[in-house]
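Architecture at a glance
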Amino acid sequence: MAWFTRKTEDKASSSAEQAASADAANRQASGGRLKQGLAKTWQFLNTDVRDLFKDEGRLVDEDFLRDLYAVLVKTDMGGGPADRICKRIGSDFRARKVHMGDILDVIKVEIKSLIAQPDEPLQFAASGPTVIMVVGVNGSGKTTSIAKLARRFIDDGKRVVLGAGDTFRAAAVEQLSIWAQRVGCEIVKGKQGGDPASVAFSAVARALETSADICIVDTAGRLQTQTNLMQQLEKIRRVISKQIPEAPHETLLVLDATAGQNAISQARGFSEAAGCTGIILAKLDGTAKGGVIIPIRQQFNLPVKFIGVGEKDTDLAIFDAEKFAEAMFDQSKK
Amino acid sequence: MFESLQDGLRGAFKTLRGKGKLTEANMRDGLRLLEQTLVEADVGYEVVRDFMDHVTERALGEKVLLSLNPDEQLMHIVYQELVQLLGPEASPIRIKKDALTILMVCGLQGSGKTTTCGKLAKLIEEEKKHTMLVAADLQRPAAIEQLRVLGEQIGVPVYIAPGEMDPVKVCRDAVKEARKQQVDVVILDTAGRLAIDRELMAQLQRIDSQVNPDQVVLVVDGMTGQDAVNSARAFNEALELDGVIMTKLDGDARGGALLSVKHVTGVPVKFIGTGEHLDALELFRPDGMAGRILGAGDLAALVDLARRKVDEEAQKKAQEDLEKGQFTLDTFKTVLKQFQEPGLMMRMLQLMGMTPDMKEMLENEDAEGGMKRMVGMIDSMTPAERRNPKLIDPSRRNRIAKGAGVQPHEVSGLVKQYDMMSPMFKHMAGMGVGDRMKLAKQMQTSGMLNPGAQFRMKKGDTGKRLTSDERRQKQKLREKLKRQKKKKR
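Here the structure is a predicted model, which is why all the values come from computation and not from measurement. (Residues numbered from 1 in each chain as written. Chains lettered and ligands numbered in written order. Predicted model: local features only at pLDDT ≥ 70, side-chain atom pairs only at ≥ 80, totals over all residues. Heavy atoms only, no water.)

**Things to note about the overall build of chain A**
Convention followed: Secondary structure counts use DSSP, requiring at least four H or I residues in a row for a helix and at least two E residues in a row for a strand, with both numbered from the N terminus. The rule is simple: take the accessible area with a 1.4 Å probe, protein chains only, and divide by the maximum for that residue type; under 20% is buried, over 50% is exposed, in between is partly exposed. Accessible surface area values rest on a Shrake-Rupley calculation with a 1.4 Å probe, where residue burial reflects the displayed protein chains alone.
Along the backbone of chain A there are 13 helices and 10 strands. Out of the 334 residues in chain A, the part that is buried amounts to 60%. Total accessible area on chain A is roughly 12,700 Å²; 50% of this is exposed by carbon and sulfur atoms.

What follows is the structure, given as structure tokens:
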């Protein structure tokens, strides 16, 4: 389903899913959104995989494996995992005629096992405000993701304080302020060009003072190779923990789903400098597959916690490895 | 990375050394490795395949030159092909002489459009042309504000239509206004959009047809993966692009997506963005990018950066000193100071193609801080000491250390480093550009840019030792070739 039709049919589809389950309305909607957001992904993959087959099935040989490799690499999963899946299929099916269903099942199982992660919801503080720090490279979607997180918490009846820690980029503070106003939460701002650590400090102080439930601290976008800026993240962490020793309780890395293999380097750099505890995979509503989380999952102990599937503040869904793998290769939809 | 690719190729081609021709069979391992490298650099897979076929075809049947190793030879072919694919050399954006030039900037969300608009405006303004920025991104909160601030920083007017909801109308009105004000160039900053969002893509087409821009530029994030093929194709189909700008290339992204974009759109790459500051926009050079995609350094960009960043006057002074054969600690200080701009050091090292141990070294040691300390020490010296560091005895050393707030042994280290560098710099004064670049490469391997470190001479690979049998065979082969050559004459 194309994205623009989704906008108008949003209500209808989510209400249809409400009927299916008695779960909270917005959760259900985001569950549907995951599928819709990934619609393009699996459509693409599915047609691509389907292209490999004729009606009577296809012989698994060198040529076939090369074609399959191409399809897998195009998801951005990288050479390693694609190779692994191809080898598996090669050893299981070589010289046999196969049908799409068999191959898809194997790919799904393999991807599921590659991205399997323990069910890790956000860690909340036992008492007092939970501090969440959000980091990432420039333009990955940090600010929008923060707005979505805030919206989610507010819908859950929590009180949220935002810290506008991007004091570097022009109008970043304004951007977050507009979001704060839209979702209805308090925001602590600093001066343009000021010290982000001091903004983080006052945001946490404000959260303590007003006994808010959640404090989300924004940071300026930075490349993982900028050592001095990465050190700044450590400083922000240190300053935050001065008031609440175990804070930040979560440090979320926002990754752009369109990013390629450089996302691995991002995951490495940010987890080393900022001690990330999870990933938000943003911009999954395009044609990008976000397959790079597969090598990331393999190399680092970083669970994907949320996925971003649109520009609205409700377009955030909890990541579900099972569904992710299913949705990537869903056959039922056309 | 480049080295690892080259090492890998060397390994893969070991058996080939001294053998006649490159064939499909004996190149297989090497080509496989090359394919992997390109995939890891985020080159779109269809493009990788095309490229591999092309390289294979060209390399096939080529005689292995005795003077080159097969890996070097293949590498050479690969590099040439890459440069050709990425080329031609960027022609800067054409600005009409007596009429308004309209630039339209588009791309996905978060690719860096607004910042790039600011950089472009600055660049054009530097050419003494009047520029106007147009805030046509009505989608993202505070995008208008961001452009307004950028305009203020550069001193360029920004067209803002408060309350207007239709970007098409904003662009139309802005162009009218620009004509009235007689500016030379107007830059339209459009909202980020997904290539599959038909509604918004249609909106771009409407702007295109109503405003009729002279140049439509696509901004692509340097970290983009395989999806670059899809989005670039969609934008090109909707708008007929005139150029591409790739951003965020100041990190460790290899930027292979550029190859995909180039492949599907065929439009020239104009600029690359290499930082958050407004002057971090560089003209695109295919040879540098080819090196980057393969993981090698980009020496020409280094020279360019050094030339642009380094204070001309200070450079002139240092140059004069050097020409006179004087390399005092004062000269050393000016050289050091030029490297002090934050991040410059890292960028220069990246351009040089950082080797893994250099990276490690930098992570362990704060190079920029180290320079600051060195400048501090030189500042604490008397003019006489700066001219002639031999004067520095233990008591002077202690004084300097106290003055600069460092340990005395650091002062000795500095003097030692100066002693080592001065003959080199003096030597450099008498050299042409090419020789200097060679020397810079040498210094890179010997670790000169690591303040406080001792010179290390890296021992090169001595290669495999030939047995006397093999030596005799090679001798025979050479003589045979010589005879053949003679015969031909």
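Next comes the rest of the account.
**Details of the confidence of the model for chain B**
All names here are of chain B. The condition is simple: Each residue carries a pLDDT score, the predictor's own confidence in it, on a scale running from 0 to 100. Contact criterion: two residues are considered in contact whenever any of their non-hydrogen atoms come within 4.5 Å of each other.
For chain B, mean pLDDT is 78; residues scoring 70 or higher make up 70% of the total. Note that pLDDT drops below 50 for residues 444-461; the model gives that stretch 30 contacts with residues more than four away or on any other chain. Model confidence for the complex: the whole-complex pTM is 0.72, and ipTM, which rates the interface, is 0.81.

**What to know about the interface of chain B and chain A**
Threshold: Buried area: the sum, over both parts, of the accessible surface (1.4 Å probe) that disappears when the two are put together. In the sections that follow, a salt bridge refers to a side-chain nitrogen of Lys or Arg positioned within 4 Å of a carboxyl oxygen of Asp or Glu.
Contacts between the two partners involve 39 residues from chain B, matched on the other side by 49 residues from chain A. Taken over both partners, the interface formed by chain B and chain A buries close to 4,000 Å², and the fraction arising from carbon and sulfur atoms is 54%. Summed over the three residues of chain B that lose the most area to chain A, namely Ile196, Met223 and Glu276 of chain B, the buried surface amounts to 16% of that side. At the junction of chain B with chain A, the criterion picks out 4 salt bridges. The shortest N-O distance in the salt bridge between Lys74 of chain A and Glu46 of chain B comes to 4.0 Å.

**Some details on the pattern of salt bridges**
What the rule picks out here adds up to 35 salt bridges over all chains. With a shortest N-O distance of 2.5 Å, Glu110 of chain A and Arg88 of chain A are connected by a salt bridge. Residue Glu110 of chain A is found in helix H6 (residues 100-115), and its partner Arg88 of chain A is found in helix H5 (residues 79-93); the two are separated by 22 residues along the sequence. For Arg399 of chain B, the salt bridge is made with Glu385 of chain B, and the minimal N-O distance between the two is 2.9 Å. Pair noted here: Arg399 of chain B is in helix H19 (residues 394-404) and Glu385 of chain B is in helix H18 (residues 383-387), with a separation of 14 residues, a long-range link. When salt bridges that share partners are traced, they join Arg66, Asp83 and Lys87 of chain A together with Arg32 and Glu35 of chain B into one network.

**Details of the sheet that holds strand E1 (residues 101-107) of chain B**
Residue and element names in this part refer to chain B. What counts here: Strands are treated as partners if at least two bridges between them are detected by DSSP.
Reading across the sheet, the 8 strands line up as E3-E2-E4-E1-E5-E6-E7-E8 and stay open at both edges, with mixed pairing between neighbours. Unpaired on one side and paired on the other, strand E3 (158-159) and strand E8 (281-283) mark the two borders of the sheet. As judged from the 5 bridges shared by E1 and strand E5 (residues 215-221), these two strands associate in the parallel manner. Looking across to E5, one finds that Leu103 is bridged to Gln215.

**So, the sheet that holds strand E3 (residues 130-136) of chain A**
Residue and element names in this part refer to chain A. Put simply, the rule is: Note on definitions: angles span 0 to 180 degrees between N-to-C directions of axes, and those axes are lines fitted to C-alpha atoms, for helices only across the stretch in contact.
With mixed pairing, 8 strands are arranged side by side in an open sheet as E5-E4-E6-E3-E7-E8-E9-E10. Sheet topology places strand E5 (186-188) and strand E10 (316-318) at the edges, where each strand pairs with a single neighbour. Strand-to-strand twist in this sheet, taken as the mean axis angle between neighbours without regard to direction, amounts to 25°. The sheet contact formed by strand E4 (residues 160-163) and E5 spans 3 bridges and is parallel. Each residue of the ladder has a partner; that of Gly163, found in E5, is Val188. Packed onto the sheet, helix H9 (residues 196-209) meets E3, E4, E5 and strand E6 (214-218) and runs at close to 170° relative to E4.

**Brief notes about helix H7 (residues 142-155) of chain A**
All names here are of chain A. The condition is simple: How far a helix is expected to stretch is found by multiplying one less than its residue total by 1.5 Å.
Counted at 1.5 Å a residue, the expected span for H7 with its 14 residues is 20 Å, and the 20 Å between its end C-alpha atoms agrees. Most of H7 is tucked away: 10 of the 14 residues are buried. Within H7, the full set of buried residues consists of Lys142, Thr143, Ser145, Ile146, Ala147, Lys148, Leu149, Ala150, Arg152 and Phe153. Residue Gly157 follows H7 closely and has a positive phi angle near 85°.

**Concerning the packing of aromatic side chains**
Stated formally: Centres within 6.5 Å are what make two rings of Phe, Tyr or Trp a pair, Trp counting through its six-membered ring; a difference in plane orientation under 30 degrees is then read as stacked, over 60 as edge-to-face, and the rest as tilted. Two conditions define a charge sitting above a ring: the NZ of Lys or the CZ of Arg must be within 6 Å of the ring centre, and it must be within 35 degrees of the ring normal.
All chains considered together, the criterion is met by 3 aromatic pairs over all chains. Look at Tyr69 of chain A and Tyr45 of chain B: their rings are 5.6 Å apart centre to centre, the planes differ by 75°, and that puts the pair in the edge-to-face class. Of this pair, Tyr69 of chain A sits in helix H4 (residues 62-73) while Tyr45 of chain B sits in helix H3 (residues 45-59), placing the two residues on different chains. According to the relative accessible area criterion, Tyr45 of chain B is buried, its value standing at 2%. A cation over a ring is seen here: Lys158 of chain A above Phe124 of chain A, with NZ or CZ 4.5 Å from the ring centre. One cation-aromatic arrangement involves Arg32 of chain B over Tyr69 of chain A; the distance from NZ or CZ to the ring centre is 5.8 Å.

**Points about the packing of H4 of chain A against H5 of chain A**
All names here are of chain A. Condition: Each helix crossing is assigned a hand: it is left-handed if the near helix lies turned anticlockwise from the far helix by less than a right angle, otherwise right-handed if that turn is clockwise. Any residue that is not Ala, Val, Leu, Ile, Met, Phe, Trp, Tyr, Cys, Pro, Asp, Glu, Lys or Arg is counted as polar, Gly included; the first ten are nonpolar and the last four charged.
H5 packs onto H4 with a crossing angle of 145° between their chain directions and a minimal axis gap of 9 Å. Crossing handedness for the pair H4 and H5: right-handed. Where H4 approaches H5, its residues Phe64, Leu65, Leu68, Tyr69, Leu72 and Val73 are matched on the opposing element by Gly79, Ala82, Asp83, Ile85, Cys86, Ile89 and Gly90. Partitioned by chemical class, the residues of the contact of H4 with H5 number 10 nonpolar, 2 polar and 1 charged.

**With respect to the pairing of E4 of chain A**
The side chains of a regular strand alternate between the sheet's two faces. Residue and element names in this part refer to chain A. Put simply, the rule is: By convention a crossover is right-handed if, when the strands point away from the viewer, the path from the first strand over the helix to the second runs clockwise.
Residues of E4 alternate between two faces, with Val160 and Leu162 on one and Val161 and Gly163 on the opposite face, all of them buried. Where E4 lies against E6, 4 bridges are found, and the strand directions are parallel. Across the sheet, Gly163 pairs through a bridge with Val217, a residue of E6. As a crossover connection, the stretch from E4 through helix H8 (residues 172-183) into E5 is right-handed.

**Here's the deal with the pairing of strand E6 (residues 243-247) of chain B**
All names here are of chain B. Within E6, 5 of the 5 residues are buried, leaving the element largely enclosed by the surrounding structure. Side chains Gly243, Ile245 and Thr247 project from E6 onto one buried face, and the interleaved Val244 and Met246 project onto a second face that is buried too. One ladder, built from 5 bridges, connects E5 with E6; its direction is parallel. Within E6, the position partnered with Asp221 by the bridge is Thr247. Taken together, E5, helix H9 (residues 228-239) and E6 constitute a β-α-β crossover, and its handedness is right-handed. Strand direction decides the pairing type here: E6 and strand E7 (residues 269-273), joined by 3 bridges, are parallel. The residue bridging Met246 from the neighbouring strand is Ile272, located in E7. Considered for its hand, the β-α-β crossover made up of E6, helix H10 (residues 257-265) and E7 is right-handed.

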